Amino acid sequence: QVQLVESGGGLVQAGGSLRLSCAASGRTFSSYVMGWFRQAPGKEREFVAGIRWSGGRTYYADSVKGRFTISRDNTKNTVYLQMNSLKPEDTAVYYCAAKFGVVVTTGEYEYWGQGTQVTVSS
């Protein structure tokens, strides 16, 4: 059974940093891609960043380019989202997701984590 478990969320002041982790288990992910999404209260879920397990090519939403970095550690089956220069508008529940094939920015991922809250105070 595939499990994605996020951690690392919390409360931080504007301009600060957080690193989210997503530990994946239950299958071989070499042909999968991983995505980070977020959903703020009253808003639709949006794509934040994506990465291919094999090769490590990365993708970012325009709103986070230059501030967020997605990476993966194949030995630990873990994907990270380093978030720097955080803004109040980054406040949301952040979800890790996995799908076979290519990165897409829509929500058509097969597996989802439970989410972790990120709150950025002004």
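Up top is the structure.
Because the structure is predicted, anything quoted here is derived from the model rather than measured.

Reading guide: rules and limits
- Residues numbered from 1 in each chain as written.
- Predicted model: local features only at pLDDT ≥ 70, side-chain atom pairs only at ≥ 80, totals over all residues.
- Heavy atoms only, no water.
- Helix = DSSP H or I, 4+ residues; strand = E, 2+ residues; numbered from the N terminus.
- Buried < 20%, exposed > 50% of the residue type's maximum accessible area, 1.4 Å probe, protein only.
- Lys, Arg positive; Asp, Glu negative; His and termini not counted.
- Salt bridge = Lys/Arg side-chain N within 4 Å of Asp/Glu carboxyl O.
- Polar contact = N/O pair within 3.5 Å; in protein donor to acceptor, adjacent residues only side chain to side chain.
- Contact = heavy atoms within 4.5 Å.
- Disulfide = S-S within 2.5 Å.

Engineer: How would you summarise the side chain of lysine 99 if you had to cite specific residues and measurements?
Structural biologist: Topologically, lysine 99 is positioned in strand E9 (residues 92-100). As a buried residue without a salt bridge, lysine 99 has its nearest oppositely charged side chain in glutamate 110, at a separation of 6.2 Å. Within polar-contact distance, the side chain of lysine 99 engages the backbone oxygen of valine 102 at 2.9 Å. For lysine 99, the residues in contact, after removing those within four places along its chain, are Tyr32, Val33, Val104, Glu108, Tyr109 and Glu110.

Engineer: Report on the state of the cysteines, specifying residues and quantitative values.
Structural biologist: For the coordinates displayed, the defined rule picks out one disulfide. With its sulfur 2.0 Å from that of its partner, cysteine 22 forms a disulfide with cysteine 96. With the S-S bond torsion at -75 degrees, the cross-link from cysteine 22 to cysteine 96 turns out left-handed. Of the two residues, cysteine 22 is situated in strand E3 (residues 18-25) and cysteine 96 in strand E9; the sequence distance between them amounts to 74 residues. Residue cysteine 22 shares its accessibility class with cysteine 96, and that shared class is buried.

Engineer: An account of the side chain of serine 21 is needed here, citing residue identities and associated values.
Structural biologist: Within the secondary structure, serine 21 sits in strand E3. Take serine 21: its relative accessible area is 15%, and that puts it in the buried class.

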